[in-house]
Every structure is written in structure tokens, then in C-alpha cells.
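# Topology and contacts: notes
In case you want the letters, here they are:
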Amino acid sequence: PPARDLAVAEIRTTIVDVPTVRTHKLSQTSVTAQSYVIVRLRLGNGVEGIGEAATLGGPRWSEESVEGIKAVIDAYLAPALLGHKADRFVAAGERLDAAAKRNNAAKAAIETALFDAVGRTLGLPVAALLGGAVRASFPVLWTLASGDPDQEIAEAEAKLDARLHRSFKIKIGAQAPEADLARLARLSRALVDRAQLIVDANQAWDEATARRCLPRLTDLGIALVEQPLPAWNVAGMGRLRTRDDIPPLLADECVFTSHDMLAVAQDAAADAVSLKLVKHGGLVGLRKVAAVAEAAGIGLYGGCLLESSVGAAAHLQAFAGLRDLAWGCEHFGPQILTDDLVTEPLRFRDFAVHLPEGPGLGVTLDPDKLRHYARS
Ligand code: MUC
Ligand code: MG
């Protein structure tokens, strides 16, 4: 029957720019709008699936930009999947890898759209296609990243009062270590009794700086430190972890592939890993990285790249099936945008973000919003 025609018939890509409610500053860049590539993938049965590739400040957080992602999908990845049966996810991954090296965010957006389209066809959530959900809500943190501690304390207070977030990730590395330590001391004094505080250096420190500053973060009550060293210095992260006066370490930019994850495990270089579709090339890849981490006793953290509700829903569908998401998640992205791209945004309540219900990703693209934010 035509409803079962799962062949990929058409793949369309659109670059969108959505303003953020405030400037978001990290070590290597600063953004006032988030840019995504939205993928719409139509099957032979007429069902459309959607996916999103997020970036952060152009090709600065990683090497992919929305312009590059769109070009690679249009010229190489989409042609490789036309006619392919959408429910053959692993075979689709092989085709995408044969068509282009790396380009993980681009591949993740297409693979997400495959999962959404198949889920919609079968009337099943994507989580069910991945083995089934073990949770429907996720503790979610908020990132403080204006760089102005007065503003940051006020922002955190508002989030606490609204019962939206009680864990905060502070972005450091845009200024000298001593200035960041002074800022962190202020934030810790104001918040540490009522909230969990973690820090993300986005690779800003060298090993000597990390050796000097990390014990001070322990004194300030910082619960976790993300990617203090450059992504290449996995051995350095391992050396830092032999000390007992530093907070636990979270691997982010040093883990893209499952091979990267294995190297981090072999060097005992992290206590936890941040899982992101843009790094792992899709939901299948994310589950592979998670499996290697689990095998090594490394905790799982649900990472983000400030996705809209489209990309955030895809992550939640994948996170829903992980046995233990010890460190919660950070899919606050929809809340930092001035507007969303879906008809019904994700629900944030009681310090958690909730798995949307319904088939596929559980969210529906709003065509008017897509048109409005599309780059001309
Ligand atoms: C990153 O490096 O973790 C995620 C949250 C945030 O504020 O920045 C991103 C990227
Ligand atoms: Mg990070």
C-alpha cells in the first residue's frame, strides 16, 4: 500500500536565523542569533520528516557552518539518500559516510528527518524506534553567559523563582582566568546554596592554567568542569584527573566519534561526556558513543548546541532511551530564542524539560515561522 512507501522522495534545506533574548558569550565567540539548517524530508507515502543542524557563531564552535551544512546536504548527502528506504537507518548512515567525510551536524539533521518520517508513518515516537523510553522528563540546566555577574545573578534568580532551572552552567574563557575566578566567586556566593553550578571553559585553558585554577573551582563548590583544555589534549585531561583537589571533568569538544570516546576512556580523561547530535552524526551515532561511555563507567550528560524545539526534541527522543542520564541535560535552547519554529514548543516545568508526545519527534514545524526566519 502507498502508506508503506518509505522511499526517500525529496530533501529540502532552509537556513534560518532566530534572535536570542540576550548576547551569549563563550570563549571563542559571542552570538545574538542562532542559525540552523532545517531539513524537510518527504517519503514516497507523502509523509514529511524534519531535522535540524545547529551551529554556534558560524564555524567557530566546530568546523561546520549553516552555509557549509546546506551546501553539503544539497550537493552530496541528499542525492545519496534519494530512493533509499527510510527505515534502514544504519544503511543510510553508511551511504552518508560514503558520500562525505565527517560533516556530522549535516548528517545528524538528515538522519533525524528519517527517524521523524518513519515514526510519523508508523504512528510511533522516535524513542520507540530506538528501543523505547525509560523516562519522559529530564532535569534541565540554564547557561549563564552574558559575562556580567549582576545580570547573571538576576537571570538565575528569575529562573529559580519560576521553577524552570536550579542548575546553571557558567561560560568562562572569554576573559583572563583571574577575571573569571572573580566572576565565579560572586556567582558562587549568590547561588551555590540554592543551585548546582557547573562551568564550561570551551577549551580556553592550557594545562598549567587548569592545574592552578581547578582547585579554586572546587573551593567555590563548582560541581563539574566542562572541556577545560583544548580538544586535542585528552592526555592532559587524564593527568588533571589524577589529582583529588579538582571537580569532576566533562568531555565535550574532545568527543565526536565513538573512537574519540574510547580514547577518552583509555586515558581516564573524563568523569562524564556531553552527548550531542551535531558531534555524533545522528541518533544512532549518539547511542554508540553513549554505549562506549557506559562500558567505561563514564557518566552521560545530555548536551546541546542551543537547538530550537526541533533539534531539542530529537535529542530528548534519543536521551529518553538511555538507562542512566546521570548528569541531566541542558536543552534550554528553545527558551533562549525570542521565538520558536514549531506549532507547540517544548514544555519546561518543575526544573525539567518534558518529552513531547505524539509520533516522530513529537513536534511540528510551523510553516509561517519557517518562512519568517528563513535567510533570504
Ligand atoms: C557547549 O560548548 O557546551 C551548550 C550550551 C551553551 O551554553 O553552549 C553550548 C555549547
Ligand atoms: Mg561545552
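For the structure itself, look to the data block above.
A brief look at the structure comes next.

Conventions and cut-offs
Numbering of residues starts from 1 in every chain and runs along the sequence as written. In the order they appear in the text, chains get letters beginning with A and ligands get numbers beginning with 1. Thresholds applied to this predicted model are a pLDDT of at least 70 for local features of residues and 80 or more for the giving and counting of side-chain atom pairs; totals over whole chains, interfaces and linings are not thresholded and use all residues. Each side-chain value is worked out from all heavy atoms of the structure, with water and hydrogens disregarded. We count a stretch as a helix when DSSP gives it H or I for four or more residues in a row; a strand needs E for two or more, and each element gets its number in order from the N terminus. One fewer than the residue count of a helix, multiplied by 1.5 Å, yields its expected span. Summary of the burial criterion: residues with accessible area below 20% of their type's maximum are buried, those above 50% are exposed, and those between are partly exposed, where the area comes from a 1.4 Å probe applied to protein chains only. Note: two strands are recorded as paired if DSSP finds a minimum of 2 bridges between them. Orientation is described by axes fitted as lines to C-alpha atoms, over the contacting stretch for helices, and by angles from 0 to 180 degrees between their N-to-C directions. Whether two residues are in contact is decided by their heavy atoms: any pair within 4.5 Å suffices. Salt bridges are counted wherever a side-chain nitrogen of Lys or Arg sits within 4 Å of a carboxyl oxygen of Asp or Glu.

### Section: helix H3 (residues 104-122)
- With 19 residues, H3 extends 27 Å between its outermost C-alpha atoms, agreeing within 8% with the 27 Å of an ideal straight helix rising 1.5 Å per residue.
- Most of H3 sits inside the fold, with 16 of its 19 residues counted as buried.
- Backbone geometry just after H3 places Gly123 at a positive phi near 70 degrees.

### Regarding the sheet that holds strand E2 (residues 30-43)
- With antiparallel pairing, the three strands of this open sheet are ordered in space as E1-E2-E3. The sheet is open, and its two edges are formed by strand E1 (8-25) and strand E3 (48-54), each paired on a single side. Put simply, the sheet's adjacent strands are angled 20 degrees from each other on average, direction ignored.
- One ladder, built from 13 bridges, connects E1 with E2; its direction is antiparallel. Within the sheet, the bridge partner assigned to Val16 lies in E2 and is Tyr36.
- In the packing of helix H1 (residues 66-81) onto the sheet, contacts are made with E1, E2 and E3, and the angle to E1 comes to roughly 160 degrees.
- The strands that H3 touches are E1, E2 and E3; relative to E3, the one it contacts most, it runs at about 155 degrees.

### Considerations on the pattern of salt bridges
- With the rule as written, the count across this model stands at 29 salt bridges.
- Measuring nitrogen to oxygen at the nearest pair gives 2.7 Å for the salt bridge that ties Asp150 to Arg186. With Asp150 in helix H5 (residues 149-161) and Arg186 in helix H6 (residues 177-191), this pair connects stretches of sequence that are 36 residues apart.
- We classify Arg186 as partly exposed; its relative accessible area is 32%.
- Salt bridges here are not isolated pairs; linked through shared partners, they connect Lys169, Lys171, Asp200, Glu226 and Glu330.

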